[in-house]
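Tertiary structure, described
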Amino acid sequence: MGSVSVLVAKTWQQRRMQNDSFRFLMFENATPAAWPCDATISVRVNLDFVPQRKRGEVMSDVAVALQTINEHARVKLVVAEPTSLIPTTAMLEARQDVRANTLLFAFARPGQSDLMRSIAAATGGGLWVHDSDLDKPVINVGYVIVDVNRLSDYRPGSGYLSRQALFTHELLHALGLDHVENDPRSILRERISQSIGTVGPGDIAGMAALGELACKSPNRDHQRSL
């Protein structure tokens, strides 16, 4: 593995690639990246700052969001052991206490992570490394951080301005997809209030494209060109 970089929110507007109805997040070498082909990703959830009485319903909404991703993506998101970690840039870059193919899903208070944006209810992204065997960047650690003080802004369950919509939106960022501007059916509108709250055809196409990107063999493409 070569260079390591964390994709943080402030770079999203500058590093993106336009497709018909979805966008890839763009990394430092101006190329998109995806998780390894058909990867099983361990999702470790930190509920430490969620009130005890709400943890069951919050975890249920997390589980439905993961299921939504699993229905359409080439990766499989699996709930693993809980964690008390809150992702930060320094932690991810150092790969401190975080194994490969792990996604940290944390509910945190404002100011507990430099990855949290002051005006956003949640944020999601990933860390990429350059895979020398495949000669391309791959995501091997992801994160979703939800401002626990903003949970009440979103209703439990599914649909418009729901927690499931918020969680799914951020998980798609962690997989490698960016915001879209003009598709009213997309759950990846920059403001979740602009979305109807369910994944749309463009979101599904984006997940499929990430799978193609991950499972594409450079050697095979080279052989075809000979």
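Residues numbered from 1 in each chain as written. Predicted model: local features only at pLDDT ≥ 70, side-chain atom pairs only at ≥ 80, totals over all residues. Heavy atoms only, no water.

As for the side chain of T168
- Counting through the fold element by element, T168 comes out in helix α3 (residues 163-175).
- Residue classification places T168 among the buried positions, given a relative accessible area of 4%.
- In terms of polar contacts, T168 uses its side chain to reach the backbone carbonyl oxygen of Q164, at 2.7 Å.
- Among residues more than four places away in sequence, those in contact with T168 are A65, T68, I69, I187 and V199. (Helix = DSSP H or I, 4+ residues; strand = E, 2+ residues; numbered from the N terminus. Buried < 20%, exposed > 50% of the residue type's maximum accessible area, 1.4 Å probe, protein only. Polar contact = N/O pair within 3.5 Å; in protein donor to acceptor, adjacent residues only side chain to side chain. Contact = heavy atoms within 4.5 Å.)

Details of the layout of surface pockets
- Its boundaries defined by the atoms lining it, the largest pocket holds a volume of some 400 Å³.
- As for the largest pocket, its lining consists of 16 residues, and the residues nearest its centre are I119, A120, E190, R191 and I192.
- The element best represented in the lining of the largest pocket is α3, accounting for three residues.
- Counted by class, the lining of the largest pocket contains eight nonpolar, three polar and five charged residues. (1 Å grid on protein atoms, 1.4 Å probe; cavity = no way out; pocket = protein on both sides within 12 Å on 5 of 7 lines; lining within 4 Å. Points joined across faces, edges and corners; volume = space filled by probe spheres on them. Nonpolar A, V, L, I, M, F, W, Y, C, P; charged D, E, K, R; others polar.)

Focus on the confidence of the model for the protein
- Confidence in the prediction of the protein, expressed as mean pLDDT, is 85, and 85% of residues score 70 or more.
- Of the regions scoring below 50 in pLDDT, residues 220-226 engages in one contact with residues more than four places distant in sequence or in other chains. (pLDDT = per-residue confidence, 0-100.)

Structural notes on the state of the cysteines
- Following the criterion strictly, the structure yields one disulfide and no others.
- The disulfide partner of C37 is C215, and the S-S distance across this bridge is 1.9 Å. Disulfide C37-C215: the torsion about the S-S bond is 95 degrees, which places it as right-handed. Of this pair, C37 sits in the loop between β3 (23-25) and β4 (40-46) while C215 sits in helix α4 (residues 201-215), and the two are 178 residues apart along the sequence.
- Given a relative accessible area of 36%, C37 falls into the partly exposed group.
- C215 sits in the partly exposed class, given a relative accessible area of 22%. (Disulfide = S-S within 2.5 Å.)

Description of the packing of aromatic side chains
- Applying the stated criterion across every chain, the model contains four aromatic pairs.
- When the ring of F105 is compared with that of F107, the centres are 5.5 Å apart and the planes differ by 35 degrees; the resulting orientation is tilted.
- Of the residues examined, F105 reaches a relative accessible area of 0% and is grouped as buried.
- Overall, the relative accessible area of 0% leaves F107 in the buried class. (Phe/Tyr/Trp six-rings, centres within 6.5 Å; stacked < 30°, edge-to-face > 60°.)

So, the pattern of salt bridges
- Tallied over the entire structure, the rule returns six salt bridges.
- A salt bridge links D38 to R74, with the nearest nitrogen and oxygen atoms 2.7 Å apart. Of this pair, D38 sits in the loop between β3 and β4 while R74 sits in the loop between α1 (55-72) and β5 (76-79), and the two are 36 residues apart along the sequence.
- Judged by its relative accessible area of 44%, D38 falls in the partly exposed class.
- On the basis of relative accessibility, which here comes to 42%, the residue R74 falls in the partly exposed class.
- When the shortest N-O distance is used, the salt bridge between D183 and R185 registers 3.6 Å.
- Owing to a relative accessible area of 47%, R185 belongs among the partly exposed residues under this scheme. (Salt bridge = Lys/Arg side-chain N within 4 Å of Asp/Glu carboxyl O.)

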